[in-house]
Amino acid sequence: MDDPLSSMAIIESLVSRFREAATLVESTEGLIRVISHYDGDGICSGGILSKMLFRGQKRFHASNVSVLTKEDVAALDGGFSLLIVSDMGSSIAPDISARAMKLGTRCIILDHHQPDGRGTPYSISDGRGILEINPRFHSVNSSSGCCASTLAFLMAVAIDQKNLDLGVFALAGAIADRQNVPEFLELNSNIRTYLQNRGDLRSLKGLPLQGRTVGESLEMANDPFMTDLSGNPENVSRLLGTLGIDPRSTLGDLSKDKLKLLQSYLYVHMLRSGVDPGAVHELFRETVLTEKWGDVQSLAFEIDACGRVGDTGTGTEVIWGSAEARERAYSIRRDYRMKVQQAILSVKRAGPRKMEHIDVIEVAEDKMAGVLAGIAHNYLFSHSRPVLSVSISGGEAKISSRGNRGLCKKGLNLGKIMNESSKGIGGTGGGHDVAAGATVPADRIEEYLSAVDKAVGEQIGRKK
Ligand SMILES: [Mn+2]
């Protein structure tokens, strides 16, 4: 039999770490504790690991958490022989090491986030008790090339080739972390190609729609949001009728020609409705289709939605193969999408409050503030003006802001603005140039918005 890791052309420095991890797991007799993040990638990586341990007849206890702080690590009691931390851990590796040494256990960290300023990963041979596997130490692109699920899958394959069937969850985890935008790279792409050559899946570029049927995918599309189609079943069935596509067919049922036709139509439709050309590229994300799991984009977002509503158990059961859990995950995802869509439609109806340089919307739930600001900016309002969403509760105003690459090229830096404008009025803020947030006292929100408006004018005005 061929060696999957070498057929996948995984770089040697990582392969040797996966093999070392495999030996660590295989030689562990006692309980193995798995702690993973609660988002889509965290659930997928944790699910791959638990299934791998089950198949290897290891005793394990797996759970998902929203954060793993130094205090959480210090509070870990013994009772396990090996700790596996996934989608987290590199930033607090020294604390994990200290705890592992104290408890006399060993630990494997599978993470793709920024480590705590170190240039080399921890290794068991350093005497720190940790085998750390993080693509950032191996010059691998850790935003599109590898996530925690990628690492968990490769480690599972190093243990037993039987685990090759979990490859779909490596890609689902990557999609949940948006690593398919614009396409899978490096390790993710190697895995995709390997599974494709085995006949496990086929790759689809250019229709990032999710849903059980083509009709549902269009009606429920939020990101990209498609004006006159999203939330409008009549228009969707009229359009599909014109294109000769049965709304009840699945993406997998469509012939190549029909897929292309639908894709071209949507592309033109979005440009015509004034969508930022940068955002139209969302239509060209990569997804993969499998016989067993359908389109992996839907699978990924269903699992991710389970995490969002605090039901990581259902997401994990999906990975373990429960058809009944898949039904539950589907409903959780559908309810969440409908909630977001209702909010988008009401933002669209109300329109923005236009200040001189920014558009402002009000959002009832602060959890949705970022999502809605992004969708409003990309698909609903002018993309030459940043969107700020404001949600007020309990004396606090929470603000999310979104811009785009074009505006940042002109000089926009929302992180800086959100930070500086909040300082003087007793708030806090910060983030990236293209997306940032702030919290300020509710009674000073007008003052804050004026300051942001003025600062945006100064930044974008400067380089015109
Ligand atoms: Mn991740």
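The shown structure was predicted, so the numbers you read here are calculated from the model rather than taken from an experiment.

Novice: Just to check I follow, could you spell out the overall build of the protein chain for this structure?
Specialist: Counting its secondary structure elements, the protein chain contains 19 helices and 14 strands. The C-alpha atoms of the protein chain give 23 Å as radius of gyration, which agrees with the globular expectation for 464 residues (23 Å, within 12%). The dimensions of the protein chain, computed from C-alpha atoms along their principal axes, are 65 × 60 × 40 Å. When each of the 464 residues of the protein chain is scored for burial, the buried share is 49%. Within the protein chain, residue pairs in contact and separated by at least 24 positions form 65% of the contacts whose partners lie at least 6 positions apart.

Novice: Hey, could you run me through the environment of His281 in this one?
Specialist: Summarising the element assignment, His281 is placed in the loop between α12 (277-280) and β7 (286-290). For the pair His281 and Phe301, spaced 20 residues apart in the sequence, the C-alpha separation amounts to 19 Å.

Novice: In this structure, what is going on with the sheet that holds strand β8 (residues 294-295)? I would like to understand it.
Specialist: Consider a sheet: its strands pair through backbone hydrogen bonds, and that pairing is either parallel or antiparallel. Strands sit in the order β6-β7-β8 across an open sheet of 3 strands; the sheet is antiparallel. Single-partner strands in this sheet number two, and they are β6 (202-205) and β8. With 2 bridges joining them, β7 and β8 adopt antiparallel strand pairing. Bridge pairing in β8 places Thr290 opposite Gly294.

Novice: I keep staring at the environment of Lys398 and nothing clicks. Help me out?
Specialist: Relative to the elements of secondary structure, Lys398 occurs in strand β12 (residues 396-402). Measuring from C-alpha to C-alpha, the distance between Lys398 and Leu412 comes to 21 Å, with 14 residues separating the pair along the chain. Leaving out residues up to four positions away in the same chain, Lys398 has contacts with Asp366, Ala369, Ser391 and Thr439.

Novice: I tried to follow the sheet that holds strand β3 (residues 82-86) on my own but got confused; where do I start?
Specialist: One open sheet accounts for 5 strands, arranged β2-β1-β3-β4-β5; its pairing is parallel. Only two strands of the sheet have a single neighbouring strand rather than two, namely β2 (60-65) and β5 (130-133). Mean inter-strand twist for the sheet, computed between neighbouring axes without regard to direction, equals 15 degrees. Across 5 bridges, the pairing between strand β1 (residues 32-37) and β3 is parallel. Its bridge partner lying in β3, Arg33 is registered against Leu83. Lying over the sheet, helix α3 (residues 40-55) contacts β1, β2, β3 and β4 (106-110), oriented at roughly 160 degrees with respect to β1.

Novice: What exactly am I supposed to notice about the domain arrangement of the protein chain here?
Specialist: Size of an interface, as often reported, equals the accessible area lost when the parts are brought together. The domains assigned to the protein chain are domain 1 (4-199), domain 2 (203-346) and domain 3 (351-462). When each unit is reduced to the centre of its C-alpha atoms, the spacing between domain 1 and domain 2 is 29 Å. At the junction of the two partners, domain 1 supplies 25 residues and domain 2 supplies 22 residues. If you list the elements that add at least two residues to the side of domain 1 that touches domain 2, you get α3, α7 (167-176) and α8 (186-197). If you tally residues by element for the side of domain 1 that touches domain 2, the top one is α3, at 9 residues. Here the residues of the side of domain 1 that touches domain 2 sort into 13 nonpolar, 8 polar and 4 charged.

Novice: Looking at this model, I keep getting lost on the pairing of β4. Mind explaining?
Specialist: Within a regular strand, side chains alternate between the sheet's two faces. In terms of residue burial, β4 counts as a mostly covered element, since 5 of its 5 residues are buried. Neither face of β4 is exposed, since Arg106, Ile108 and Leu110 on one face and Cys107 and Ile109 on the opposite face are all buried. Two elements, β3 and β4, share 5 bridges in a ladder whose sense is parallel. In the sheet register, Val85 faces β4, and the bridge partner there is Ile109. Pairing analysis gives 4 bridges linking β4 to β5, with the strands arranged parallel. Opposite Cys107, over in β5, you have Ile130 as the bridge partner.

Novice: Which parts of the structure should I look at to understand helix α13 (residues 296-308)?
Specialist: For α13, spanning 13 residues, the distance from its first C-alpha to its last is 18 Å, which sits close to the expected 18 Å at 1.5 Å a residue. Within α13, 12 of the 13 residues are buried, leaving the element largely enclosed by the surrounding structure. Check the buried side of α13 and you find it contacts α3, α7, β7, β8, α14 (312-320) and α15 (323-350). Backbone geometry just after α13 places Gly310 at a positive phi near 80 degrees.

Novice: What am I meant to see in the nonpolar core here?
Specialist: Nonpolar side chains in soluble globular proteins tend to be buried together. Ranked by size, the top nonpolar core spans 132 residues in total, and within it Ile48, Phe153, Met155, Ala172, Ile303 and Leu372 carry the most contacts. The element contributing the most residues to this core is helix α6 (residues 148-159), with 10 residues. Look past the residues within four positions of Ala172 in its chain and what remains in contact with it is Cys44, Val296, Leu299, Ala300 and Ile303.

Cut-offs used in this document
- Residues numbered from 1 in each chain as written.
- Predicted model: local features only at pLDDT ≥ 70, side-chain atom pairs only at ≥ 80, totals over all residues.
- Helix = DSSP H or I, 4+ residues; strand = E, 2+ residues; numbered from the N terminus.
- Rg over C-alpha atoms; globule rule 2.2 N^0.38 Å.
- Buried ≥ 20, exposed ≤ 12 C-beta atoms within 10 Å, placed from the backbone.
- Contact = placed C-beta atoms within 7 Å.
- Pairing = 2+ DSSP bridges.
- Axes fitted to C-alpha atoms, helices over the stretch in contact; angles between N-to-C directions.
- Domains from an automatic or database assignment.
- Nonpolar A, V, L, I, M, F, W, Y, C, P; charged D, E, K, R; others polar.
- Expected span 1.5 Å × (residues − 1).
- Core = buried A, V, L, I, M, F, W, Y, C linked by C-beta atoms within 7 Å.

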